[in-house]
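Structure at a glance
Listed below, chain by chain, are the residues.
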Amino acid sequence: MNLQYTYLLDGTFHADSRVWIYQSSRLFTINEALQIEEMMNQFVESWQSHGAPVKGAAYLFFGQFIILIADERATGVSGCSTDSSVRLIKEIEKKIGVNMFDRTALAFAVSGESDNYRVQLLPMAQLQYAVDNGFISADTLFFNNIVQTKAELENSWIIPLKDSWLSKKISFAKSVS
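Anyway, here's the lowdown on the structure attached to this text.

Rules of the game
Residues numbered from 1 in each chain as written. Predicted model: local features only at pLDDT ≥ 70, side-chain atom pairs only at ≥ 80, totals over all residues. Heavy atoms only, no water. Helix = DSSP H or I, 4+ residues; strand = E, 2+ residues; numbered from the N terminus. Rg over C-alpha atoms; globule rule 2.2 N^0.38 Å. Buried < 20%, exposed > 50% of the residue type's maximum accessible area, 1.4 Å probe, protein only. Contact = heavy atoms within 4.5 Å. Expected span 1.5 Å × (residues − 1). Arc of directions from axis to C-beta. Polar contact = N/O pair within 3.5 Å; in protein donor to acceptor, adjacent residues only side chain to side chain. Pairing = 2+ DSSP bridges. Axes fitted to C-alpha atoms, helices over the stretch in contact; angles between N-to-C directions.

Our focus in this paragraph is the overall build of the protein. Helix and strand counts for the protein come out as four helices and nine strands. Starting at the N terminus and ending at the C terminus, the protein contains elements arranged as β-α-β-β-β-β-α-β-β-α-β-α-β. A compact globule built from 177 residues should have a C-alpha radius of gyration of about 16 Å, and the protein, at 17 Å, falls within 12% of that. Each of the 177 residues in the protein was classed as buried or not, and the buried ones make up 46%. Partitioning the intrachain contacts of the protein with sequence separation of at least 6 by distance along the chain shows that 65% fall at a separation of at least 24.

Below you can see the structure in the form of structure tokens.
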């Protein structure tokens, strides 16, 4: 898996555009990804805030992350329009049979053969154990799904664990024996 994704983002969206990231509990199949893309495209085409069209975009990255973006300089996003996006994600959950709201599942880009990456999920409760036993390190790439703007998505979504908010919750002092 190639971790380059920023070139796929619509360049007409302002850097302050709002971002929501939803992580699936598993990798989508090709058939599921096609269904999701269709659902996302239909949603974005009809996304509205107080009757005005939202300048929005939706992406499916790495077969596991749904990203919604709204450029609020064009139209502000209200609670109702945010609720409609959550309904879309819940509809995807139900149709595909995945969990898109588990905030305790952490995602890492783990290097595999030929420097290809794959997404590996880890329960937050096992984070320190994974570090202590060398499964992940301070330099392991972490999907920081709490980014809130397009600029943060471009610059702070996939970052080394040591540079994330999680670094305050763990110790990197132990070494693997």
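Our focus in this paragraph is helix 2 (residues 79-96). If you check helix 2, its first and last C-alpha atoms are 26 Å apart, about what 18 residues at 1.5 Å a residue would give, namely 26 Å. If you check which residues of helix 2 are buried, you get Ser81, Thr82, Ser84, Ser85, Leu88, Ile89, Ile92, Glu93 and Ile96. For helix 2, the secondary structure elements touched by its buried residues are strand 1 (18-23), helix 1 (30-46), strand 2 (48-49) and strand 5 (65-70). Remark: Gly97 follows helix 2 within two positions and exhibits a positive phi of approximately 80°.

The next subject is helix 1. In this model, helix 1 (17 residues) spans 25 Å end to end at C-alpha, consistent with the 24 Å of a helix rising 1.5 Å per residue. Burial in helix 1 covers these residues: Glu32, Ala33, Ile36, Met39, Met40, Phe43 and Val44. Viewed along the axis of helix 1, the buried residues span an arc of 130°, placing them on a single side of the element. Among the exposed residues of helix 1, those pointing more than 90 degrees away from its buried face are Ile30, Asn31, Leu34, Glu38, Glu45 and Ser46. Of the surrounding elements, those touching the buried residues of helix 1 are strand 4 (56-61), strand 5 and helix 2.

Glancing now at unusual backbone geometry. Here His50, not a glycine, exhibits a phi torsion of approximately 50°, which is positive. Backbone geometry places Phe62, a non-glycine residue, at a positive phi of 55°. Take Phe62: it is sitting in the loop between strand 4 and strand 5.

On to the side chain of Asp132. Relative to the assigned elements, Asp132 resides in helix 3 (residues 127-132). Residue Asp132 is classed as buried on the basis of its relative accessible area of 18%. A distance of 2.7 Å separates the side chain of Asp132 from the side chain of Gln128, its partner in a polar contact.

Once that is clear, we can look at the sheet that holds strand 7 (residues 117-123). Strand pairing in a sheet relies on backbone hydrogen bonds. The paired strands run either parallel or antiparallel. Strands sit in the order 7-6-8-9 across an open sheet of four strands; the sheet is antiparallel. Edge positions in the sheet fall to strand 7 and strand 9 (158-160), since each of these pairs with one other strand and no more. With strand direction ignored, the average angle separating the axes of adjacent strands in the sheet is 35°. Bridging between strand 6 (residues 105-111) and strand 8 (residues 141-143) involves two bridges; their strand directions are antiparallel. Within strand 8, the residue paired with Phe108 across the bridge is Phe142.

Bear in mind that shape data such as this cannot, by itself, settle questions of function.
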